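Examining the three-dimensional arrangement
Okay, here's what each chain looks like letter by letter:
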Amino acid sequence: MSVLVQGAKRLFGSGDDVSTRVRGLEQAATAARGRLDDDSVDQAMAVVERAGERLRLSAQHTVVALAGATGSGKSSLFNRLSGLELAAVGVRRPTTSETLACAWGPDGVEEILDWLGIPGRHQVSRLSSLDAAAGDGDLRGLVLLDLPDHDSTEVEHHLEVDRLVRYADLLVWVLDPQKYADAAVHDRYLKPMATHSDVIVVVLNHIDELSGPQRRSALDDVRRLLAADGLAGVPVLATSATTGEGLPELQRLLGKRIRAKEAARERLGADVSAAAQRLAQLSGSKPAPGIDTERRAGLERALAAAAGVEVVVAAVERSVRQRTGASTGFPLTRWLVGLRRDPLRRLHLGGDVSLPSLPRSSVPAPTSVQQAGVDVAVRNLAEGAARGLAPPWAAAVRRASLAHRDDLHDALDQAVVGTELGVGGTPWWARFVNAVQWVLFAVAVAGALWLAGLAALALLRITPPVPPDEYGIPVPTLALVAGVLIGLALAFVARLLTRVVARAKARRADRMLRAAISGVAHEQVLEPVAAELAAYDSVRAGLGIALRR
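Scope of this entry: the structure provided in the associated data block. (Residues numbered from 1 in each chain as written. Predicted model: local features only at pLDDT ≥ 70, side-chain atom pairs only at ≥ 80, totals over all residues. Heavy atoms only, no water.)

**Overview of the nonpolar core**
Grouped together as the largest cluster of nonpolar side chains are 64 residues, with contacts concentrated most on Leu25, Leu279, Leu299, Leu303 and Leu412. Leaving out residues up to four positions away in the same chain, Leu303 has contacts with Val374, Leu408, Leu412, Ile517 and Ala521. If you look at the next biggest cluster of nonpolar residues, it comprises 41 residues, including Ala67, Trp115, Val165 and Leu231. (Core = buried A, V, L, I, M, F, W, Y, C linked by side-chain atoms within 4.5 Å. Buried < 20%, exposed > 50% of the residue type's maximum accessible area, 1.4 Å probe, protein only. Contact = heavy atoms within 4.5 Å.)

Right, here's the structure in full:
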């Protein structure tokens, strides 16, 4: 857009904001694409493109188009203004079939005429070395177009008029006293240009054919019709191409507009305003409410329920108790724990099986109630985010909230699978208890073997040696009983401590899982919704710039 900015400064001066308004419209139209009506967005982008092209062209020329119906005399006016017999009139040329162009001052006009699509054979330059006339300096910079008749029966004539009406900096509508109320010109051209009153001039031609009272009545009626079209205040001139009446006034008006270099700026500004107003009517202007914190929390709770977070957290607690109990229990009873399968492994979670490479877990699929809860939470969040917005934006927010609905369950499952649950490894105290348990088990086994040896000698009728005793209890018996009882007591204490640790790890796993679920909610629902709200804010900001007066 740097070229556009430079063109704007060259054309309008550094203080003008036309290029800024064009950029605002471009921003709004770009963000509105796919969300608002395609035709309105296309029209806005066409205005942006056309304005950018105009700003890059000659700053010294003003394009003035003479438009009118068959017999209105616009070709005669064109010839009188140009001072040349360029446009055939009367019986030789009852309708204008091609656009003619006459440029006052040739320097830099070639690009404009090429942009307008005027063939070289239909162009002529005033103030050439062979053609100079006094007073032409007042119109230096004028590019005067004689458009085809808008009421022609030829379709291509209508298309040519419609095209060049959009490109002209200043439009001069030439009306005939007999047909100035024709609906064709009012409904097709004048009413739709109600926002362009600053770049429209209306000429009531053939004024010489009316008497004094008829003139005043016709002019008043023309002004009344223009006011009904939304064009009150548009200059209305009475002219006669035959007698030359009113032509000096028209030349002075054109000269004033050309010297002020205002017509192009006003035309571009009017085009931008009209396109921006169409988008604003569709888009609305209320601030977006944004994503409600409570509704977001409700969505995350619903997703956590659907992902089976409570099931996994319960499995984490049981798994920690089972794994730690397997290393702190008395060795003789540990095999009972080994008979039960690890709860996390049944879900394909925990340890090595929790690696993200695992495609899916075995967490139960969400029930119909849980799925309905997710749908309700998503709908509530979207409705809250879109409250007060125009229907197209509310629909866009709803679509965005459901964009990943089919992938949501898989995303939740992968979030659970990829979460580090913190159940791996054995705590230091459990390793210490395990070591003590094996010492106690060894003591008990030693006592049992000692007693077994004594019993074997007695069976062989060999007098066994008397074992030492402590507190009146034989040492082998004391070792066996103490090893077993102390080991069981230690296992009981470790079990109580394991419960505390298991609950703590379950709480940590719950936090980690809910954080992962929150990430899914953000990626699959919140981010798409936020993108639509950001697009809405971009459209709203762009329209605010484009409509700045």
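Additional details are given in the paragraphs that follow.
**Regarding the pairing of strand E1 (residues 62-68)**
Burial analysis of E1 places 7 of its 7 residues in the buried class, which makes it a mostly covered element. Residues Thr62, Val64, Leu66 and Gly68 line one face of E1 and the alternating positions Val63, Ala65 and Ala67 line the opposite face, and both faces are buried. Across 5 bridges, the pairing between E1 and strand E4 (residues 142-146) is parallel. Opposite Ala65, over in E4, you have Leu145 as the bridge partner. The pairing of E1 with strand E5 (residues 170-175) spans 5 bridges and is parallel. Along E5, the bridge assignment pairs Ala67 with Trp173. (Helix = DSSP H or I, 4+ residues; strand = E, 2+ residues; numbered from the N terminus. Pairing = 2+ DSSP bridges.)

**Some remarks on the packing of helix H18 (residues 428-459) against helix H19 (residues 475-546)**
Relative to each other, H18 and H19 sit at 160°, their axes nearing to 7 Å. As the angle between them shows, H18 and H19 are arranged roughly antiparallel. Handedness of the crossing formed by H18 with H19: left-handed. Looking at the contact of H18 with H19 residue by residue, the class counts come to 20 nonpolar, 6 polar and no charged. (Axes fitted to C-alpha atoms, helices over the stretch in contact; angles between N-to-C directions. Parallel < 35°, antiparallel > 145°, perpendicular 65-115°, else oblique. Left-handed = near helix turned anticlockwise from the far one by under 90°. Nonpolar A, V, L, I, M, F, W, Y, C, P; charged D, E, K, R; others polar.)

**Regarding the side chain of Arg54**
Looking at the element boundaries, Arg54 is found in helix H3 (residues 38-56). A polar side-chain atom of Arg54 sits 2.8 Å from the main-chain carbonyl oxygen of His61. Discounting chain neighbours no more than four positions away, the residues touching Arg54 are His61, Ile112, Trp115, Asp169, Ala264 and Leu268. (Polar contact = N/O pair within 3.5 Å; in protein donor to acceptor, adjacent residues only side chain to side chain.)

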